[in-house]
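Listed below, chain by chain, are the residues.
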Amino acid sequence: MRPKVLIIDDNEQSVGVIASLIVNAQLTPVRATSLTAAQHIFSRSAPEDFLCAIVDYRLPDAPHGQAIDFTLASFLPTIVTTEFLDSQTRAGILDKDVIDYILKESEQVYEYLSVLLSRLYKNKHIGVLVVDNARVHRARSTALLRRHNFMTYEATTGQHGLEVLTRQSHIKLVIVANDLPGPSGIKMLSEVRQRAKKEDIAVIGLSDRGDTGLSARFIKSGANDFLTQPYGQEEFLCRIMQNIEYIENIELIRRAANSDFLTGLPNRRHFFERAAAALQLIPVCQCLALIDIDHFKKINDTYGHDCGDYTLREIAKLVADTFKQHIPARFGGEEFCVFMPNIKLHTAVQIFNDFRQALTDIEFKFEGQTFHCSVSIGVTAIEHGGISGMLRKADEYLYQAKNNGRNRVEHDPS
Ligand SMILES: Nc1nc2c(ncn2[C@@H]2O[C@H](COP(=O)(O)OP(=O)(O)OP(=O)(O)O)[C@@H](O)[C@H]2O)c(=O)[nH]1
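Since we're looking at a predicted model, the values are computed, not measured.

Asks: Please explain the site of the ligand as it appears in this structure.
Replies: Not every one of the 17 residues close to the ligand is listed here, only the nearest: His295, Phe296, Lys297, Asn300 and Asp309. At 2.7 Å from a nitrogen atom of the ligand is found a side-chain nitrogen or oxygen belonging to Asp309. A distance of 3.2 Å separates an oxygen atom of the ligand from a polar side-chain atom of Glu334. When residues of the shell around the ligand are traced back to their parent elements, those giving at least two are β11 (287-293), α12 (296-303) and α13 (305-322). The element that contributes the greatest number of residues to the shell around the ligand is α13, accounting for 4 residues. Per-class residue counts for the shell around the ligand are 4 nonpolar, 5 polar and 8 charged.

So, in structure tokens, the structure goes:
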């Protein structure tokens, strides 16, 4: 079920815009035009159904932000919208532990709201580790992070922090103070950098206002960013968002660079990297197979190119599923490749024969047409010449499989 977002606002126009943003973020808007209506809706729902609430500061039955108190008391992460904002109101809103406030003054502000919503949703799966010996500082940082739906972890020493990092692979950001019992925060940072690059785990160093050299030391030692204490809540959260988005963008770029556009399988370049690394790790008992769809041109010619694309995607799903323990890839055109580390030839040949048989049994359906497909496969376990040598050998067997009538597996002599 899609999480819900409670909108408490009596302005039809802004409710319309906010509701469509919520729908675009794949969430479900639930509307209330007053505090009383919101209380009624909420009394009939489970709090965990809601991702957050978007609350107008001034409502007919709650003119001074009382609706904000209600959503916060109901443990709903709250975003405040307002048409006016003097410094006293702003301070009052920020005092209330809200996620953020949005001034309803331009379309760009609604764009920011949309970013905020999708972040709240994504943050649920992101871990942030706070390493600080000062309990008050730790508590403040984790409270702010939890308000934004992050999973938070705390450590009082660098060693403890490294242990947490080892156990929790979803930690993407570490906030570390320098002054820790035992080795310093900078020492911990250099240990983190031996395990993970800046693009994999972001580190923000905490520096004191009086110590200007510390922030530079953090950056030179591999930190992505630094924060000077005492920090404002808005600055803190902007830095967190910026660093998390940096990690996510790199991940997106990496995924795009490593995968085949049509099928989502790893591409040829990525395959070479992974297979070569696996071969180096265990240089014996490796198998490599080339899988080629039979008479694929006929599918394109008979049912059209879109049907050809559909067939490639369907077969790729089967390849990904069957060989998820191994290293599969789309090599280009109608050819797939699988590298199997640590397997005997006869076991690999059995797996490929089962795969070939399973594929011939599938009835492909595309725009009212039904048809069957088959594949020819060449398998080798001869590691001579590295991955390129194995590919040449597998290609020879694939050629034999095509010549011997297709829909078959040819391999090294047993
Ligand atoms: N739809 C679609 N077709 C592709 C794609 N890449 C390559 N092809 C087509 O795949 C076909 C491959 O044809 P051939 O090399 O003659 O091989 P085949 O028809 O499978 O015959 P055999 O391999 O000898 O069994 C060509 O018509 C290419 O245009 C793609 O991404 N999408």
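Asks: Help me understand the environment of Ile99, please; the structure alone is not making it clear to me.
Replies: In this structure, Ile99 sits in the loop between α4 (87-94) and β5 (100-103). In this structure the C-alpha to C-alpha distance between Ile99 and Thr166, which are 67 residues apart in sequence, comes to 30 Å. Beyond its immediate sequence surroundings of up to four residues, Ile99 is in contact with Pro77, Thr78, Ile79, Leu120, Arg147, His148 and Leu237.

Asks: When you look at the packing of helix α6 (residues 135-147) against helix α10 (residues 233-258) in this model, what are you seeing that I'm missing?
Replies: When two helices pack together, you describe them by how their axes are tilted relative to each other and by the distance separating the axes. Contact geometry for α6 and α10: axes closest at 11 Å, N-to-C directions at 65°. α6 and α10 meet at a crossing whose hand is right-handed. Between α6, through Arg140, Ser141, Leu144, Leu145 and Arg147, and α10, the contact on the second element is made entirely by Gln233, Phe236, Leu237 and Ile240. Residue composition of the contact of α6 with α10, grouped by class: 5 nonpolar, 2 polar and 2 charged.

Asks: Explanation requested: the nonpolar core in the structure shown.
Replies: The biggest cluster of nonpolar side chains holds 40 residues, and the ones touching the most others in it are Leu129, Val174, Ile175, Phe236 and Ile240. Ranked by residue count, the leading element in this core is strand β8 (residues 171-177), at 6 residues. Setting aside residues no more than four positions away along its own chain, Val174 makes contact with Leu129, Val131, Leu165, Met188, Ile201, Ala202, Val203 and Ile204. Listed in part, the 33 residues of the second largest apolar core include Leu265, Ile293, Val319 and Val338.

Asks: Please explain unusual backbone geometry as it appears in this structure.
Replies: Residues apart from glycine generally show negative phi values, whereas peptide bonds are mostly found in trans. With omega at -5°, the peptide bond leading from Gln229 into Pro230 counts as cis. Tracing the sequence through the fold places Pro230 in the loop between β10 (225-229) and α10. Phi angles above zero are rare outside glycine, and Phe75 is one such case at about 60°. Within the fold, Phe75 resides in the loop between α3 (66-73) and β4 (78-82). The residue Asn342 is not glycine, and still its phi comes out positive at about 60°. By the secondary structure assignment, Asn342 is in the loop between β13 (335-340) and α14 (345-361). When its relative accessible area of 53% is taken as the criterion, Asn342 is described as exposed.

Asks: It is not clear to me how the sheet that holds strand β17 (residues 409-411) should be interpreted in this structure. Could you clarify?
Replies: Paired through their backbone hydrogen bonds, the strands of a sheet run either parallel or antiparallel. Spatially, β12-β13-β11-β16-β17 is the arrangement adopted by the 5 strands of the open sheet, whose pairing is mixed. At either margin of the open sheet sits one strand with a lone partner, and together these are β12 (327-332) and β17. Averaged over all adjacent pairs, the angle separating strand axes in this sheet is 20°, with direction ignored. Sheet analysis places β12 next to β13, joined by 5 bridges and oriented antiparallel. Each residue of the ladder has a partner; that of Ile327, found in β13, is Phe339. Contacts between helix α11 (residues 268-281) and the sheet are confined to β11, β12 and β13, with β12 contributing the most and set at about 145° to the helix.

Asks: Teacher, can you tell me more about the side chain of Ser141 here?
Replies: One can find Ser141 in helix α6. Since its relative accessible area comes to 1%, Ser141 is described here as buried. Within the local environment of Ser141, its side chain forms a polar contact with the side chain of Tyr231, the two groups lying 2.6 Å apart. For Ser141, the contacting residues outside a window of four places in its chain are Val130, Tyr231 and Phe236.

Asks: Can you walk me through the domain arrangement of the protein in this structure?
Replies: Often, the extent of an interface is quoted as the loss of accessible area on bringing the components together. Along its sequence, the protein is organised into domain 1 (4-121), domain 2 (124-257) and domain 3 (268-411). When each unit is reduced to the centre of its C-alpha atoms, the spacing between domain 1 and domain 2 is 29 Å. In this complex, domain 1 contributes 14 residues to the contact, which on the side of domain 2 involves 13 residues. Taken over both partners, the interface formed by domain 1 and domain 2 buries close to 1100 Å², and the fraction arising from carbon and sulfur atoms is 42%. Where domain 1 touches domain 2, the interface holds 4 salt bridges. For the salt bridge of Arg147 with Asp97, the shortest nitrogen-to-oxygen distance reads 2.9 Å. Taken together, the elements giving at least two residues each to the side of domain 1 that touches domain 2 come down to α4, β5 and α5 (107-123). When residues in the side of domain 1 that touches domain 2 are grouped by element, the largest group, 5 residues, is from α5. Residues that form the side of domain 1 that touches domain 2 fall into these classes: 10 nonpolar, no polar and 4 charged.

Asks: Can you walk me through the packing of helix α2 (residues 35-43) against α3 in this structure?
Replies: Direction vectors running N to C along α2 and α3 enclose 15°, while the axes themselves pass 10 Å from each other. Here α2 is positioned roughly parallel relative to α3, judged by the angle of their axes. When the axes of α2 and α3 are compared, the crossing they make is right-handed. For the pair formed by α2 and α3, the contact residues are Leu35, Ala38, Gln39 and Phe42 on the first element and Gln66, Ala67 and Phe70 on the second. Here the residues of the contact of α2 with α3 sort into 5 nonpolar, 2 polar and no charged.

Parameters at a glance
- Residues numbered from 1 in each chain as written.
- Predicted model: local features only at pLDDT ≥ 70, side-chain atom pairs only at ≥ 80, totals over all residues.
- Heavy atoms only, no water.
- Near = heavy atom within 4 Å.
- Polar contact = N/O pair within 3.5 Å; in protein donor to acceptor, adjacent residues only side chain to side chain.
- Helix = DSSP H or I, 4+ residues; strand = E, 2+ residues; numbered from the N terminus.
- Nonpolar A, V, L, I, M, F, W, Y, C, P; charged D, E, K, R; others polar.
- Contact = heavy atoms within 4.5 Å.
- Axes fitted to C-alpha atoms, helices over the stretch in contact; angles between N-to-C directions.
- Left-handed = near helix turned anticlockwise from the far one by under 90°.
- Core = buried A, V, L, I, M, F, W, Y, C linked by side-chain atoms within 4.5 Å.
- Buried < 20%, exposed > 50% of the residue type's maximum accessible area, 1.4 Å probe, protein only.
- Pairing = 2+ DSSP bridges.
- Domains from an automatic or database assignment.
- Buried area = accessible area lost by both parts, 1.4 Å probe.
- Salt bridge = Lys/Arg side-chain N within 4 Å of Asp/Glu carboxyl O.
- Parallel < 35°, antiparallel > 145°, perpendicular 65-115°, else oblique.

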